[in-house]
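Summary of structural features
What follows is the residue order along each chain.
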Amino acid sequence: MRHHFLLLLVLMAPACRAQEADPAAPPAPALAAAPTRTDFHIRYINGSNVYIDGGTTSGLREGTELILKQSTNLSEQDPANAAIEPGVIARLKVISVASTSAVCEISATKRDLTDKDVVSLPDTEVKKLVDKDTLGSTRHYPMVISFTEGDPMDEEVRDEVPRPPLPEVNQMRGRFGFDVSTIQELGQTSSIASEYGMVVRADFTRMFGTYWNLNGYWRGTLQNNNNAAVQNSIQNLMNRTYLMSLNYINPNSAWTASIGRMYLPYASSLETIDGIYLGRKTSERTVVGMFAGSSPNPTAWNYDPNLRVGGGFFNIHGGTFDGFHYSSTAGAGVDLLKWAVNRPFLFTENEFSFKRYFSLYQAMQIDNPTPNPGQPTVGWGLGESLISARFQVHPRVTLDLTDTYFRSVPTYDAVLVGTGLLDKYLYQGINGGVRVQFPLHITGYGSVGQSNSSNDNGSSLNELFGASIMRIGKSGIGVDARYAKFDSAFASGKYRTVSISKDLGERFRLDLQGGRYDYNSSLAQTSDSYFGNAMLDMDLGARLFFQSMFTAQRGGSLDYNQWTTTVGYRFDNRAAMRAAQAKH
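Computed from a predicted structure; not experimentally measured.

1. With respect to the overall build of the protein
Secondary structure summary: the protein contains six helices and 30 strands in total. Looking at the protein as a whole, 46% of its 584 residues qualify as buried. In the protein, once contacts between residues fewer than 6 apart in sequence are set aside, the share between residues at least 24 apart is 54%.

Quick look at the structure:
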């Protein structure tokens, strides 16, 4: 392929080259090797539009992508830190830009953005700006020249101009700490048990100049003397829902890989796997991937601590999020239970969207599960089906329609019913919902549907109603309250929860949650429980942090109190550089 380069006669050379050509000439500005800013503050929000304090003078253009990164000071389970992908809370795109300000459209997010958020240029956008500034001609050339392979003059400029590393290269942020947890079991068999563990939060990008990135959150037990009766506490199960993976993402390579606990790229409906993923880009729009690992997440519909899974898939995608976008995946895999074949399956996953106005998601698995001893053979058939359509009829009003079906009984851990993490499994059948953004940072949401698999001759409506206030006045207090009732072929019940959060500056956060849930199932012990959670998270100086959590549960199969205290170290090797850029 032939590359043509127009070499202009009137461009000024950078200072280091101008002095070489003419010592008497006045110094020219140095060649920009990286954007002067990579972080931008949100100044104002109007519906789905976000106004930021950066524009063309900072290198922004229409179409530039921005991201809101997860906070290293908040836990993975914090609703304010909910990720759409590892390390990323929201994605935005610039739709209008002036010299010192710009308007962005929110492409994807799991929470409402606020004027306290700071959005950043991702690594790919920083690379575009650097390439744009360094690709231009920096010497005087007399004519248009074409080359069959590369441009030696541009390559010479690339080699000779010293450039600092990209802001994302070797950026390491996060925290780690050690904790002690005490569980007091109440009732006739009262006992006290203790655990010693560790917590790690990491946001490492372009480690050691490579294209490997480490992102995620992990909390685990190093030593314990717990009895089995209190193993399934709410906090212990929540700690096992973490995501942390080492990812290889190179824009110049067709290969990509991940190691750790993750959602599979292009196949998130397969639930979290703890293992390895390897993918290859076979063309600009197609990817082939392979995966293998375990199914460790207690919120998964096919959860089993002894389950292993492996398989492969093919994906084709295209379009843009500015218009029509699509992604379609098909693959096959097998579940192994104690290394014996338990369930071969075929799966598909499809996504279609048009701007922010419409999106359609579909996931399906056709499987042949191994029956329990003494049970009849099930045979091949539709094992799982998830369909969801979303319509944005107004910048503040979103409608959705979902249909959920499971042939076999999901094996999630029922202790998590009241947390809201199991909603997608509890509401079988067709359900319609609405989400409305009211003034004063108030959001209301609801869902109503008919269970198509319930054996109850009476009322079998699925119901969910809730409201959240991101910020009450100037108090910094956020509240979320919800009521839910579910009725399916394998479980029925209801729960009510209230969550309260409070930020005091950037160094103190308090979260409270309380509720009650009733869970009735022929396959699990009936539970009528009350629970309460409290978490305090605060920074101690520039480097240390302190975290304390308390959980109490009454009723059902477990009555217990649990205290967890964590002390650790925070780090950010680019904090001084970002502070200097912000000041500038």
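2. Side note on the pairing of strand β21 (residues 397–406)
Pairing geometry for strand β20 (residues 381–394) and β21, over ten bridges, is antiparallel. Bridge pairing in β21 links leucine 386 to threonine 404. Connecting the antiparallel pair β20 and β21 is a turn made up of two residues. Note that β21 and strand β22 (residues 429–438) share eight bridges and pair antiparallel. Counted as the bridge partner of leucine 401 is glycine 432 from β22.

3. Notes on the pattern of salt bridges
Applying the stated rule across the entire model yields 15 salt bridges. Linking aspartate 274 and arginine 261 is a salt bridge whose minimum nitrogen-to-oxygen distance equals 3.2 Å. Here the residue aspartate 274 occupies a position in strand β14 (residues 273–281), and arginine 261 occupies one in strand β13 (residues 255–262), the gap between them amounting to 13 residues. With a closest N to O distance of 2.9 Å, arginine 343 and aspartate 367 form a salt bridge. With arginine 343 in strand β18 (residues 340–354) and aspartate 367 in strand β19 (residues 358–367), this pair connects stretches of sequence that are 24 residues apart. On the accessibility criterion, arginine 343 (7% relative accessible area) is buried. Classification of aspartate 367 by relative accessible area gives buried; the value is 3%. A network of salt bridges, in which partner residues are shared, links Asp335, Arg343, Asp367 and Arg407.

4. Looking at the nonpolar core
Taken as a class, soluble globular proteins show a tendency for nonpolar side chains to be buried jointly. Judged by nonpolar contacts, the single largest core of 26 residues is most densely connected at Tyr412, Leu426, Tyr427, Phe486 and Tyr519. At the level of elements, α4 (234–239), α5 (423–426), β25 (477–487) and β27 (508–521) are the ones that each hand at least two residues to this core. With three residues, the single largest contributor to this core is α4.

5. Observations regarding the environment of leucine 270
As for its placement among the helices and strands, leucine 270 is situated in the loop between β13 and β14. Considering only alpha carbons, one finds leucine 270 and valine 309, 39 residues apart in sequence, at a separation of 9.6 Å. Excluding anything up to four places from it in sequence, leucine 270 contacts Leu264, Phe291, Phe345, Phe347 and Gln365.

6. Thoughts on the pairing of β13
Relative to β13, strand β12 (residues 244–249) runs antiparallel, the two being bridged by six bridges. When the sheet's bridge partners are listed, methionine 244 is paired in β13 with arginine 261. Between β12 and the antiparallel strand that follows it, β13, lie five residues. As paired elements, β13 and β14 share eight bridges and run antiparallel to each other. Across the sheet, the residue bridging to glycine 260 is glycine 275, located in β14.

Cut-offs applied
- Residues numbered from 1 in each chain as written.
- Predicted model: local features only at pLDDT ≥ 70, side-chain atom pairs only at ≥ 80, totals over all residues.
- Heavy atoms only, no water.
- Helix = DSSP H or I, 4+ residues; strand = E, 2+ residues; numbered from the N terminus.
- Buried < 20%, exposed > 50% of the residue type's maximum accessible area, 1.4 Å probe, protein only.
- Contact = heavy atoms within 4.5 Å.
- Pairing = 2+ DSSP bridges.
- Salt bridge = Lys/Arg side-chain N within 4 Å of Asp/Glu carboxyl O.
- Core = buried A, V, L, I, M, F, W, Y, C linked by side-chain atoms within 4.5 Å.

These values are about where atoms sit, not about what they do.
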